[in-house]
Structure formats: structure tokens, C-alpha cells
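Each chain is listed here by its residues.
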Amino acid sequence: RPARALRGRMAENARGAVHALRPYLDCIRESLNAALCVQNFASQVVERHNKPEIEARSSPELLLNPLVICRNDDEACMIDTSINSVRVSLRIKQADNMEEILARKFARFLMQRADSFMILRRKPVFGYDISFLITNFHTERLYKHKLIEFIVQFVEDINKEISSMKLGINTRARLVGTEFLRELSG
């Protein structure tokens, strides 16, 4: 019975965390919806080239001001927009050293598999943990609303994943500690 009550309270806390995260996620969703109005635009410098202007930065008139959405000092989303590409950079909440290590390892794990994600960059923007690059070719091949939902769901799930990994590590450490002390005393 106590375990069932504890699980019920944990589920309520998880739902409360999702409700607290909802305005942040809604702001990201609406900002991405406005920012993902990209179009095909050939390079003004090199003929027959089409590179993401947000990465090349060859023409400053094609870049818009970056938009930073902050939930708090530790958690933020920066949306850089240009005429033919959008870069979304995420800073993941890292409250202590354990979460910092987990976030760094998790981000590294994902970035090593960037080819599988299609829009994930191999190297994040300085000051952020993970970056996505969406070009006009992605918006032509993929549904815009699906791209937006993927990023919003990613933001929502990454916090859950890091929290569950931290909980698992703490549980294993507690079990190892009790076994160690039991061996010493017995």
C-alpha cells in the first residue's frame, strides 16, 4: 500500500511538472511556427550553391535577430532564423553535478548519431547543449507541424529522461551502499 501511494504521488508530481512546463513549451511551439517560414534561396556569393545562411553567415541582411526563450537561468531555447534555415539551440536544466554529467553524456550520445536524426547538428552552439538545424529542404520534405512537435516533444522528454537516469543512479548507489555496509557489519 505505501508503495502504491508513493507511485500515485510521483505521478501527480510528474503531471504537475508537465503543467509547469506547458507555457514554456507553448511559447517554443508558437515561435517555431512563426520562424519556420523559410524558402529556397541561392547563395549571393557563390553561383549554384545553396547553403544554410544561418551557418554560412555570408550575407548579414538575410539573418534575423535571434530569439531566446528562457524558462529560468538554467533552461533556455534560442531560435536563430535566416531566409533559408532555422537553428534551434537548447540549454538543458542542470541543477547539480550529477545532472550536468548526465546531460553532457546524453547530448554527446545523441550528437554521435546525428545522421540518424537528419536535423540534429553534430556540434551545439556555444552556451547550449543541443542544436537542431532546419533548412528549406527539410520543410519541403517534412511536415512543418511534425517538425515543431518533434522539437517540443524532445524538450519535454529530455528533462524526464535525465531525471529518470538520475533516480536510477541514486537507487543503485543506495543499494550498493547498503550491501557494502551489510558486508562490513556481518
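A brief report on the enclosed structure follows. All chains use their own residue numbering, which begins from 1 and follows the written sequence. Reporting of local features is limited, given that this is a predicted model, to residues whose pLDDT is at least 70; pairs of side-chain atoms are given and counted only at 80 or more, and all residues count toward the totals for whole chains, interfaces and linings. Computation of side-chain values covers all heavy atoms of the structure but excludes hydrogens and water.

**Some words on the nonpolar core**
Now for step 1: Grouped together as the largest cluster of nonpolar side chains are 35 residues, with contacts concentrated most on Tyr24, Ile28, Cys77, Val88, Ile130 and Phe132.
Now for step 2: Note on conventions: DSSP H or I runs of at least 4 residues are helices, E runs of at least 2 residues are strands, and numbering of each starts at the N terminus. Of all the secondary-structure elements, those providing two or more residues to this core are helix H1 (2-35), strand S2 (76-81), strand S3 (85-91), helix H3 (97-112), strand S4 (130-135) and helix H6 (144-185).
Now for step 3: Here this core gets eight residues from one element, more than from any other, and that element is H6.
Now for step 4: Among all residues touching Ile28, those that are not within four sequence positions of it are Ile69, Cys77, Val152 and Val155. Only buried residues count toward a nonpolar core, which is a set of Ala, Val, Leu, Ile, Met, Phe, Trp, Tyr and Cys residues joined through side-chain atoms within 4.5 Å. Burial classification: accessible surface area is computed with a 1.4 Å probe over protein chains only, and a residue below 20% of its type maximum counts as buried, one above 50% as exposed, and the rest as partly exposed. Note on contacts: a residue pair is in contact if any heavy atoms of the two residues lie within 4.5 Å.

**Here's the deal with a nonpolar patch on the surface**
Now for step 1: Patches were defined on residues exceeding 30% relative accessible area and lacking a salt bridge, with like-charge contacts within 9 Å and nonpolar side-chain contacts (Val, Leu, Ile, Met, Phe, Trp, Tyr) within 5 Å. Using a 1.4 Å probe, the Shrake-Rupley method yields the accessible areas, and only the shown protein chains count as cover for residues. Think of a salt bridge as a Lys or Arg side-chain nitrogen and an Asp or Glu carboxyl oxygen that are within 4 Å of each other. On the surface, a cluster of nonpolar side chains totalling about 350 Å² of accessible area is made up of Phe180, Leu181 and Leu184.
Now for step 2: Relative to the assigned elements, Leu181 resides in helix H6.

**Structural notes on the state of the cysteines**
When the sulfur atoms of two cysteines share a covalent bond, that bond is a disulfide.
Now for step 1: Cysteine sulfur atoms are paired as a disulfide whenever they come within 2.5 Å of each other. This model, assessed by the stated rule, comprises zero disulfides.
Now for step 2: Cys70 carries a free sulfur, and the closest cysteine sulfur to it, the one in Cys77, is 9.3 Å from it.
Now for step 3: The class for Cys77 is buried, based on a relative accessible area of 0%.

**So, the packing of H3 against H6**
Helix packing geometry: the angle between the two helix axes and the distance between the axes.
Now for step 1: Here an axis means a line fitted to C-alpha atoms, over the contact stretch when the element is a helix, while the angle between two N-to-C directions is reported on a 0 to 180 degree scale. Interhelical geometry of H3 versus H6 gives an angle of 125° and a closest axis separation of 10 Å. Between H3 and H6, the crossing angle belongs to the class labelled oblique. Along this stretch, H3 crosses H6, giving a crossing that reads as right-handed. Residue-level inspection shows Met98, Glu99, Leu102, Ala103, Phe106 and Leu110 of H3 in contact with H6, the latter providing Phe154, Ile158, Glu161, Ile162, Met165, Lys166, Ile169 and Asn170. Relative orientations are named as follows: roughly parallel for angles under 35 degrees, roughly antiparallel for angles over 145 degrees, roughly perpendicular for angles from 65 to 115 degrees, and oblique for any other angle. Crossing handedness follows the turn of the near helix against the far one: under a right angle anticlockwise gives a left-handed crossing, and clockwise gives a right-handed one.

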